[in-house]
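Breakdown of the fold
So you can see what is in the structure, the chains are spelled out below.
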Amino acid sequence: MKIPELTDGQLKVMGWVLGTIAMGIIAYLVLKKFGFIGASKDPASKTVDDINVNASNLSFSTTDLDSKTDLLYQAMDRFGTDEDTIMEVFDSLRTKDDLLYIIKSFGVRKYFLTGHGLLLGDDINLIGWLKNEVSDYYITEIQTIFTKLGVDML
Ligand SMILES: [Ca+2]
């Protein structure tokens, strides 16, 4: 099959369209860099490295807590959100350090639109992921659990 040749007019339009897309992406990245859009000024983008977990106050093995962290991630990292699983995980936690361990273990992951981001997106912590994924009703429920365990992050 022969590829039809483009007329000057068509080439011009194509160049214009591609140029506009490129400008859009550059504008997005610049705005994000300076915090005009995205979560870069939000507490959700805080690093969690400085969280101190008291290992003697964990009510699960770290292997189990890592699995719970994975469950949370899987429940959010797809189109839509598995809120039942998220609530099950939070409901299962018994101590403040269980929760702190999970927040720390989740760390900061790139989020874009409905799940993990590859190039585009914001590096946000578990709180940020929850705020992006979970409806206000469940945020309130989760907040209640956090407060009960003595963690003030939402
Ligand atoms: Ca999702």
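Note that the coordinates shown come from a computational prediction; the quantities given were computed from them, not determined experimentally.

**What to know about the pairing of strand β1 (residues 108-112)**
Across four bridges, β1 lies against strand β3 (residues 122-125) in antiparallel orientation. Bridging from a neighbouring strand, arginine 109 pairs with isoleucine 124 of β3. Bridging between β1 and strand β2 (residues 115-116) involves two bridges; their strand directions are antiparallel. Bridge pairing links tyrosine 111 to histidine 116 in β2. Hairpin geometry of β1 and β2 is characterised by an intervening segment of two residues between the two adjacent antiparallel strands and by a positive phi of about 60° at leucine 113.

**As for the domain arrangement of the chain**
Annotation of the chain at the domain level lists domain 1 (1-37) and domain 2 (39-149). Relative placement of domain 1 and domain 2: their C-alpha centres are 37 Å apart.

**A few points about the sheet that holds β2**
Strand pairing in a sheet relies on backbone hydrogen bonds, with the paired strands running either antiparallel or parallel. Strand order in the open sheet made by the three strands is β2-β1-β3, with antiparallel pairing throughout. On the outer flanks of this sheet lie β2 and β3, each paired with one strand and no other.

**Topic: the packing of helix α3 (residues 83-92) against helix α6 (residues 136-149)**
Put simply, α3 and α6 touch, their axes get as near as 10 Å, and they point 10° apart. Taken together, the axes of α3 and α6 are roughly parallel relative to one another. Residue-level contacts link Glu83, Met87 and Phe90 of α3 to Tyr138, Glu141, Ile142 and Ile145 of α6. Split by residue class, the contact of α3 with α6 holds five nonpolar, no polar and two charged.

**A word on the packing of helix α2 (residues 62-76) against helix α4 (residues 96-106)**
It is at 9 Å that the axes of α2 and α4 come closest, and there the two elements cross at 60°. Accordingly, the angle class assigned to the pair α2 and α4 is oblique. Between α2 and α4 lies a crossing of right-handed hand. Across from Leu65, Asp66, Lys68, Thr69, Leu72 and Tyr73 in α2, the residues of α4 making contact are Asp98, Tyr101, Ile102, Ser105 and Phe106.

**Quick look at the nonpolar core**
The biggest cluster of nonpolar side chains holds 21 residues, and the ones touching the most others in it are Leu72, Ile102, Ile103, Leu126 and Trp129. The set of elements that each furnish at least two residues to this core consists of α2, α3, α4 and α5 (126-133). Ignoring sequence-local partners within four residues, the contact set of leucine 126 consists of Leu72, Ile103 and Phe106.

Definitions and cut-offs
- Residues numbered from 1 in each chain as written.
- Predicted model: local features only at pLDDT ≥ 70, side-chain atom pairs only at ≥ 80, totals over all residues.
- Pairing = 2+ DSSP bridges.
- Helix = DSSP H or I, 4+ residues; strand = E, 2+ residues; numbered from the N terminus.
- Domains from an automatic or database assignment.
- Axes fitted to C-alpha atoms, helices over the stretch in contact; angles between N-to-C directions.
- Parallel < 35°, antiparallel > 145°, perpendicular 65-115°, else oblique.
- Contact = placed C-beta atoms within 7 Å.
- Nonpolar A, V, L, I, M, F, W, Y, C, P; charged D, E, K, R; others polar.
- Left-handed = near helix turned anticlockwise from the far one by under 90°.
- Core = buried A, V, L, I, M, F, W, Y, C linked by C-beta atoms within 7 Å.
- Buried ≥ 20, exposed ≤ 12 C-beta atoms within 10 Å, placed from the backbone.

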